[in-house]
Amino acid sequence: MTGEYTQKSLDRSDAVYVAGHRGLVGSAIWRRLEADGFNRLVGRTSAELDLRDRGAVFEFFAAERPKNVVLAAARVGGILANSTLPVDFISDNLRIQVNVMDAAAEFDVDRLLFLGSSCIYPKFAPQPIREEYLLTGHLEPTNDAYAIAKIAGILQVQAVRKQFGRPWISAMPTNLYGPGDNFSAKGSHVLPALIRRFDDARRDGAASVVNWGSGTPRREFLHVDDMADACLHLLDHYDGAEHVNVGTGEDQSIAEISAIVADEIGFDGEIEWDHSKPDGTPRKLLDIGKLRDLGWQPRIDLRAGIASTVEWYRQNVDSIRT
Ligand code: GFB
């Protein structure tokens, strides 16, 4: 199998900087690394360290000198945020990635794991999508700014491998969900948006709700704890230039996932669809054969994952980003 990591797995006593450690996936990775005995985890909130500020990033690396880095910090959002704020998505993400990876190269970071997204692939890529389909067709217009930034990140990882010989790697997850997600009405991804919408409707006794689009596109949903587990697996076992897809191997239509969330929430009203809102790409199911060959399997059942996320949402709704 190309890319087997021939060196030892990560030393749990080396410092690991988790960029974005308070975000949806960064916080899950932090929990997973802690649980696995990593005892020198380093994190900075965006208020403490603005990763778009190159000088501040280099000062941080000069002072902390982490041995390994997980680059989970990014400007992220659902289809509406991506399609209405393309400047923010391309500019913020390019600056975050370039600053962190330039400083990591400068200060001898050994292992760096860069996280992207399944939206890097062509809008009409054959399904399920294999890693080699990257750059074989036009992107989905609603998120091409974000996609180009993430593709640039993959190429910068490959450039560091070529120019400096560092075992840096990239992982491309499908749509993620779980505790710590963004539940805001406009900026959120679809699954947290549905949880919030149906829970509000149930509480208010509404007879119906309106979802965006047609409900026909298909999406794959990976629980963020499975993503964190896959990231640690890749850090310990993978050393290849090509990015690695991380997903579940199965997808649902937006209408199907909407019915599952409504059932878990206990909302039994009418579900209507606002066709004036964008559908986005028709499907983006990832082929995870490469990751399976590396010995990893997803474990969290979708309905159980949604149920636990609904539980987390209800316990935290007063204090989270809505
Ligand atoms: O998660 P989402 O916003 O983004 O899903 P993508 C959008 C799909 O869900 C579209 C439908 O088909 C929407 O029409 N949808 C229905 C809703 N109701 C809602 C709602 O209330 N909110 C939202 N957000 N969608 C994103 C990319 O694409 O995937 C990002 O834009 C990133 O860059 C992310 O890659 C993983 O899955 O379409």
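What you see is a predicted model, and the numbers here were worked out from it, not measured in a lab.

## Thoughts on the UniProt feature "binding site: substrate" (unreviewed entry) in the protein chain
As annotated by UniProt and renumbered to match this structure, "binding site: substrate" (unreviewed entry) occupies Arg197, Trp212, Arg219 and Asp279. Secondary-structure assignment places Arg197 in helix H6 (residues 190-204). The residues contacting Arg197, other than those within four sequence positions of it, are Val209, Val210, Asn211 and Trp212. Structurally, the position occupied by Asp279 is in the loop between strand E12 (270-274) and helix H9 (289-293). With residues near it in sequence (within four places) discarded, Asp279 still touches Ile79, Gly213, Ser214, Gly215, Thr216, Pro217 and Arg219.

## Quick look at the sheet that holds strand E1 (residues 16-19)
Overall, parallel pairing links the 6 strands, which are arranged E2-E1-E3-E4-E5-E10 in an open sheet. Of all the strands in the sheet, the pair left with one neighbour each is strand E2 (41-42) and strand E10 (244-246). Two strands pair when backbone bridges link them, and E1 and E2 are joined in this way by 2 bridges, in the parallel orientation. Across the sheet, residue Tyr17 finds its bridge partner in E2, namely Val42. Packed onto the sheet, helix H4 (residues 86-106) meets strand E3 (68-71) and strand E4 (111-115) and runs at close to 175° relative to E3. Together, E3, E4, strand E5 (169-173) and E10 form the strand contacts of helix H7 (residues 224-237), whose direction differs from that of E4 by roughly 145°.

## Observations concerning the nonpolar core
Counting 34 residues, the largest nonpolar core has Tyr17, Leu51, Phe61, Leu71, Leu112, Phe114 and Trp168 as the members making the most contacts within it. Going through the elements one at a time, E1, helix H2 (54-64), E3, H4, E4 and helix H5 (144-164) are the ones with two or more residues in this core. Counting residues per element, this core draws most heavily on H4, at 6 residues. Among residues more than four places away in sequence, those in contact with Trp168 are Met101, Ala104, Ala105, Val109, Asp110, Arg111, Leu112, Val157, Val160, Arg161 and Gly240. Within the second largest apolar cluster, 33 residues are counted, among which are Val18, Phe38, Ala171 and Trp296.

## Observations regarding the site of the ligand
Close contacts around the ligand come from 23 residues, with Ser117, Asn175, Arg219, Pro278 and Asp279 the closest. Ser117 places a polar side-chain atom, nitrogen or oxygen, 2.7 Å from an oxygen atom of the ligand. The backbone of Asp279 places a nitrogen or oxygen atom 2.6 Å from an oxygen atom of the ligand. Relative to its unbound accessible area of 700 Å², the ligand is 97% covered by the protein chains. At the level of elements, helix H3 (79-84), H6 and strand E7 (208-212) are the ones that each hand at least two residues to the shell around the ligand. When residues in the shell around the ligand are grouped by element, the largest group, 3 residues, is from H6. Here the shell around the ligand is built from residues that sort into 9 nonpolar, 10 polar and 4 charged.

Calculation criteria
- Residues numbered from 1 in each chain as written.
- Predicted model: local features only at pLDDT ≥ 70, side-chain atom pairs only at ≥ 80, totals over all residues.
- Heavy atoms only, no water.
- UniProt positions renumbered as here; feature names shortened; annotations may be inferred.
- Helix = DSSP H or I, 4+ residues; strand = E, 2+ residues; numbered from the N terminus.
- Contact = heavy atoms within 4.5 Å.
- Pairing = 2+ DSSP bridges.
- Axes fitted to C-alpha atoms, helices over the stretch in contact; angles between N-to-C directions.
- Core = buried A, V, L, I, M, F, W, Y, C linked by side-chain atoms within 4.5 Å.
- Buried < 20%, exposed > 50% of the residue type's maximum accessible area, 1.4 Å probe, protein only.
- Near = heavy atom within 4 Å.
- Polar contact = N/O pair within 3.5 Å; in protein donor to acceptor, adjacent residues only side chain to side chain.
- Areas by Shrake-Rupley, 256 points an atom, 1.4 Å probe, with all protein chains shown as cover.
- Nonpolar A, V, L, I, M, F, W, Y, C, P; charged D, E, K, R; others polar.

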